[in-house]
Amino acid sequence: MADSHQYQTAHHVAFSVNAHLPDSYQTEIFDEALRMTSEILEKHGLQQRKVLIVGGAGYIGSVLTGHLLDSGYQVRCADLLVYGNGLTVVPYLSRPGYEFVHADLSDEAQFVSLLEGITDVVLLAGLVGDPVTKNFSEAAARINDAGHETMLKLLNGRGLNRVIFVSTCSNYGLIEGDQFADENFELKPLSLYAKSKVAVEKALLSQKDVDYTPVVLRFATAFGLSPRMRFDLTVSEFTRALALGEDLLVFDAHTWRPYCHVRDFSELIRCAIEAPKARVAFQVFNAGGDSNNNTKQMIVDQILEQLPDAKVRYQEHGADPRNYRVDFGKVFRVLHFQPRFTVADGVRELIAAIRQGLFHDIAQPTSYYGNWEPRV
Ligand SMILES: NC(=O)c1ccc[n+]([C@@H]2O[C@H](COP(=O)([O-])OP(=O)(O)OC[C@H]3O[C@@H](n4cnc5c(N)ncnc54)[C@H](O)[C@@H]3O)[C@@H](O)[C@H]2O)c1
């Protein structure tokens, strides 16, 4: 049974943090918090929820960390800092309930110790993106394939609540015509990066008799400010170049892709952790919002509205053939999630940050600012 403190915490989470949600859904979240208290915390002698974020020092992880700490969670971040990105966690080191461990997800013994005292796991780490997995294919196989296989093997039987694997909408690859990909749409991963994601999704969801609840979130392409900016992602790449007065060459401007702000992703991960088990167990969710499907041309146009004098050239037949529009109906229907931030919001905050000089040496950005040269 929950004690009064735990009851109050569950009540706070369900009815104040989620006050914008329908009443009946808030009640479901409250019931879920009570279930989690008795079945996970009390059974394993834990006082508080503690999330292990594997890859918590990265572009998304370093924003998620702040969001979870602000939402009352404890956080253990495990990261190998392959882009020299340790500074991203410095502001968190003094926060109560935060812990950083320099760790390689492929190290079995270390991963077992990382799981001690943990209630929920968010898997964000790895070599992320098509170029880096192509250029560092051996390391990608070791980390994104073998390393993930090792982690999945070790998760069961430890009394974990939720295991959230962050996958990608890149899994849909190339979609001809006007179709929108929902979660059942055929997967056509084109890169090593997406092929590994599809394999891990399958491995996680095909497990039988595990004592935790696996969930897969297929993320749209991220944008937005983070302690670890990534200027190798479309919105930030284009905005950086145009804000610095560079000529921008855009390939295949008609190709579609969905986008989502890092702060919205962080909120969605919190929602997936707190959602009623029956709604998320063994489920895949496209992560984003319908209004954030954009062509590259639409991204450029939104930047030009804010930087009208910027110069853009266009060319066809670039190296990246991906073209997909995604249906985000399920995450809205089942988890009541929709993003708060538009691409224009992300562009605006990034231009302001660049003008304020917040980024060092971004005329020729180093790997701190993008997934170009990992130390692996
Ligand atoms: N950024 C996007 O647009 C986007 C889109 C779809 C999906 N995703 C997914 O979201 C997750 C996070 O992406 P991101 O943009 O924050 O990437 P990122 O590269 O900024 O973060 C990845 C983190 O993993 C760490 N890492 C790499 N190898 C490791 C290892 N062996 N052990 C421990 N840590 C290791 C890195 O040091 C880095 O901090 C990834 O799983 C990615 O596939 C991202």
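Residues numbered from 1 in each chain as written. Predicted model: local features only at pLDDT ≥ 70, side-chain atom pairs only at ≥ 80, totals over all residues. Heavy atoms only, no water.

## Side note on the UniProt feature "domain: NAD-dependent epimerase/dehydratase" (unreviewed entry) in the protein chain
The condition that has to hold: UniProt positions are given in the numbering used here, feature names are shortened, and annotations may be inferred rather than shown by experiment. Comment: elements are numbered from the N terminus, with helices defined as DSSP H or I runs of at least four residues and strands as E runs of at least two.
UniProt feature "domain: NAD-dependent epimerase/dehydratase" (unreviewed entry): in the numbering of this structure it lies at residues 51-288. Secondary structure across residues 51-288 divides into 34% helix and 22% strand, with the first and last C-alpha atoms of the span separated by 22 Å.

## Some words on the nonpolar core
Put simply, the rule is: The criterion is simple. A nonpolar core is a set of buried Ala, Val, Leu, Ile, Met, Phe, Trp, Tyr and Cys residues joined through side-chain atoms within 4.5 Å. A simple rule labels every residue: compare its accessible area, found with a 1.4 Å probe on the protein chains alone, to the largest value its type can have, and call it buried under 20%, exposed over 50%, or partly exposed in between. We call two residues in contact when some of their heavy atoms are within 4.5 Å.
Counting residues in hydrophobic clusters, the biggest one holds 65 residues, and the most contacted among them are Leu217, Ile269, Leu335 and Phe359. Tallying contributions element by element places helix H9 (residues 262-274) first for this core, with 6 residues. If near-sequence neighbours (up to four positions away) are discounted, Leu335 is found in contact with Tyr25, Leu268, Ala275, Val280, Phe285 and Lys330. Counting 32 residues, the second-largest nonpolar core is a separate cluster that includes Val82, Leu154, Val163 and Tyr212.

## Here we look at the sheet that holds strand S3 (residues 98-102)
Strands in a sheet are paired, the pairing made by backbone hydrogen bonds, and the direction either parallel or antiparallel. Quick note on the threshold: By definition, two strands form a pair when at least two bridges between them are found by DSSP. The angle between two axes is taken between their N-to-C directions and runs from 0 to 180 degrees, where each axis is a line fitted to C-alpha atoms and a helix contributes only its stretch in contact.
Here we have 7 strands laid out as an open sheet, ordered S3-S2-S1-S4-S5-S7-S11, and parallel in their pairing. Taken across any chain shown, the strands that pair with only one partner, and hence form the sheet edges, are S3 and strand S11 (283-287). Taking the axes of each pair of neighbouring strands and ignoring which way they run, one obtains an average angle of 20° across the sheet. Bridge count between strand S1 (residues 50-54) and strand S2 (residues 74-79): 5 bridges; the pairing is parallel.

## Brief notes about helix H6 (residues 137-154)
Note the threshold: Residue count minus one, scaled by 1.5 Å, sets the expected span of a helix.
With 18 residues, H6 extends 25 Å between its outermost C-alpha atoms, agreeing within 8% with the 26 Å of an ideal straight helix rising 1.5 Å per residue. The elements touched by buried residues of H6 are S1, helix H4 (108-114), strand S4 (120-123), helix H5 (130-135), strand S5 (162-168) and helix H7 (192-205).

## Re the environment of Ser137
Counting through the fold element by element, Ser137 comes out in helix H6. Ser137 gets classed as partly exposed once you look at its relative accessible area, which sits at 35%. Here the alpha-carbon distance between Ser137 and Ala281, two residues 144 residues apart in the chain, equals 32 Å.

## Re the site of the ligand
Put simply, the rule is: Here a residue counts as near a molecule or strand whenever at least one of its heavy atoms sits within 4 Å of it. The definition of a polar contact used here is a pair of N or O atoms within 3.5 Å, where within protein one atom must be able to donate a hydrogen and the other to accept one, and adjacent residues in sequence count solely through side-chain atom pairs. A 1.4 Å probe and the Shrake-Rupley method give the accessible areas. Residues count as covered only by the protein chains that appear here.
The full set close to the ligand counts 32 residues, and Asp79, Tyr193, Ala222, Arg228 and Arg230 are the nearest of them. Between the ligand and Leu105, the relevant distance is 2.9 Å, taken from a nitrogen atom to a main-chain nitrogen or oxygen of the residue. If the ligand stood free it would expose 820 Å²; the protein chains cover 98% of that surface. Secondary structure elements with two or more residues in the shell around the ligand: S5, H7 and strand S8 (221-223). The biggest single contributor to the shell around the ligand is S5, with 3 residues.

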